[in-house]
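Close look at the chain arrangement
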Amino acid sequence: MANDEAAVLAAVGPRLRALRKQRGTTLTDLAATTGISVSTLSRLESGQRRPTLELLLPLARAHQVPLDELVGAPETGDPRVHARPIVRHGVTFVPLTRRPGGLQAFKQIMPPNAPAEPEQQTHEGYEWLYVLSGRVRLLLGEHDLILHPGEVAEFDTRVPHCVLNPGPEPTELLTLFGPQGERLHVRARPTKR
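Treat the numbers as computed from the prediction; the structure is a model and nothing was measured. Each chain has its residues counted from 1, running along the sequence as written. In view of the model being predicted, local features appear only for residues whose pLDDT reaches at least 70, and side-chain atom pairs are presented and counted only at 80 or more, with totals across whole chains, interfaces and linings using the full set of residues. Water and hydrogen atoms were dropped before computing side-chain values, which therefore reflect all heavy atoms in the structure.

What to know about the overall build of the protein
- For the protein, the count of helices and strands is 5 helices and 9 strands.
- Going along the chain from the N terminus, every DSSP run of H or I of four or more residues is numbered as a helix, and every run of E of two or more is numbered as a strand. Counting helices and strands in the order they occur from the N terminus, the protein gives α-α-α-α-α-β-β-β-β-β-β-β-β-β.
- Here's how the labels work: a residue is buried when its accessible area is under 20% of the maximum for its type, exposed when over 50%, partly exposed in between, all with a 1.4 Å probe on protein chains only. Counting every position in the protein, which comprises 193 residues, the buried fraction comes to 31%.
- With an accessible surface of roughly 12900 Å², the protein has 53% of that area assigned to carbon and sulfur atoms. To be clear on the numbers: accessible area is Shrake-Rupley with a 1.4 Å probe, and residue cover counts the displayed protein chains and nothing else.

This is the structure in structure tokens:
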């Protein structure tokens, strides 16, 4: 066990040096970003200084990598999210995020044949939806739209709305919902250099 820990700690220095050089950052630049002295950074990279959490956290932040990557932590096992579906009014919601509050992502599976008398509702938030398969009827205020696979809609949920499946087969959607009205920032094309 002690040998394993020693090997992990010994590998941190070369990993830090490789990461810094890969990004084209000098020790001086990194010292300015992290508040760690140049001499301490140099000793960390050469293995003369033992890496501590107080040193590794600002370095992980500066390099924008998880702490696990700096220490070469082993894989944690199965990375899949085992979401528990929620069924409301016949619509299945599969949560794709696990963080409470803030922006939520769902895969929605809507059964065929929407009700004849749909009822529009309002609530706080902002919604973005993408049609994966099937068709979606979106009633949004005065608008009555049919969306096909690959089409997207984005709207403030304080506007009366209703999302329905008008088709004879199930419909699948990806939905992002911000309960406090968070808007998505869509980037249409990369900036030119």
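Some words on the layout of surface pockets
- As a volume, the largest pocket reaches approximately 890 Å³.
- As for the largest pocket, its lining consists of 26 residues, of which H89, V91, F93, Q108 and V163 are closest to the centre.
- Among the elements that take part in the lining of the largest pocket, strand 8 (residues 161–164) stands out by supplying 4 residues, more than any other.
- The classification used treats Ala, Val, Leu, Ile, Met, Phe, Trp, Tyr, Cys and Pro as nonpolar, Asp, Glu, Lys and Arg as charged, and all other residues, Gly among them, as polar. When grouped by side-chain class, the residues that make up the lining of the largest pocket number 14 nonpolar, 8 polar and 4 charged. Cavities and pockets are found on a 1 Å grid laid over the protein atoms alone: a cavity is a set of points where a 1.4 Å probe fits but cannot escape, a pocket is an open set with protein on both sides within 12 Å along at least five of seven lines, and a lining residue has an atom within 4 Å of such a point. Grid points are joined across faces, edges and corners, and a volume is the space filled by probe spheres set on the points.

Side note on the sheet that holds strand 2 (residues 91–95)
- Think of it this way: DSSP has to see at least two bridges between two strands before they count as a pair. Taken in spatial order, the 6 strands make up an open sheet running 1-2-3-9-4-7, and their pairing is antiparallel. Each edge of the open sheet carries a strand with a single partner, namely strand 1 (86–88) and strand 7 (152–156). Across the sheet, the mean angle separating the axes of adjacent strands is 25° when strand polarity is ignored.
- With 4 bridges joining them, strand 2 and strand 3 (residues 104–110) adopt antiparallel strand pairing. For P95, the partnering residue across the bridge sits in strand 3 and is F106. Angles run from 0 to 180 degrees between N-to-C directions of axes, and those axes are lines fitted to C-alpha atoms, restricted for helices to the stretch in contact.

Concerning the packing of aromatic side chains
- Two aromatic rings, drawn from Phe, Tyr or Trp (for Trp, its six-membered ring), form a pair once their centres lie within 6.5 Å of each other, and the interplanar angle then sorts them: stacked below 30 degrees, edge-to-face above 60, tilted otherwise. For the structure shown, the criterion picks out 2 aromatic pairs.
- Ring geometry for F93 versus F106: centroids 6.0 Å apart, planes at 85°, classification edge-to-face. Taken as a pair, F93 in strand 2 and F106 in strand 3 lie far apart in primary sequence, 13 residues in all. Note on accessibility: F93 and F106 belong to one class, buried.
- Note on W128 and Y130: the rings are 6.4 Å apart at their centroids and 10° apart in plane angle, and the pair reads as stacked.
- For the cation-ring pair, R88 lies above F93, with the distance from its terminal atom to the ring centre recorded as 5.9 Å. In our convention, an over-ring charge means Lys NZ or Arg CZ found within 6 Å of a ring centre and within 35 degrees of that ring's normal.

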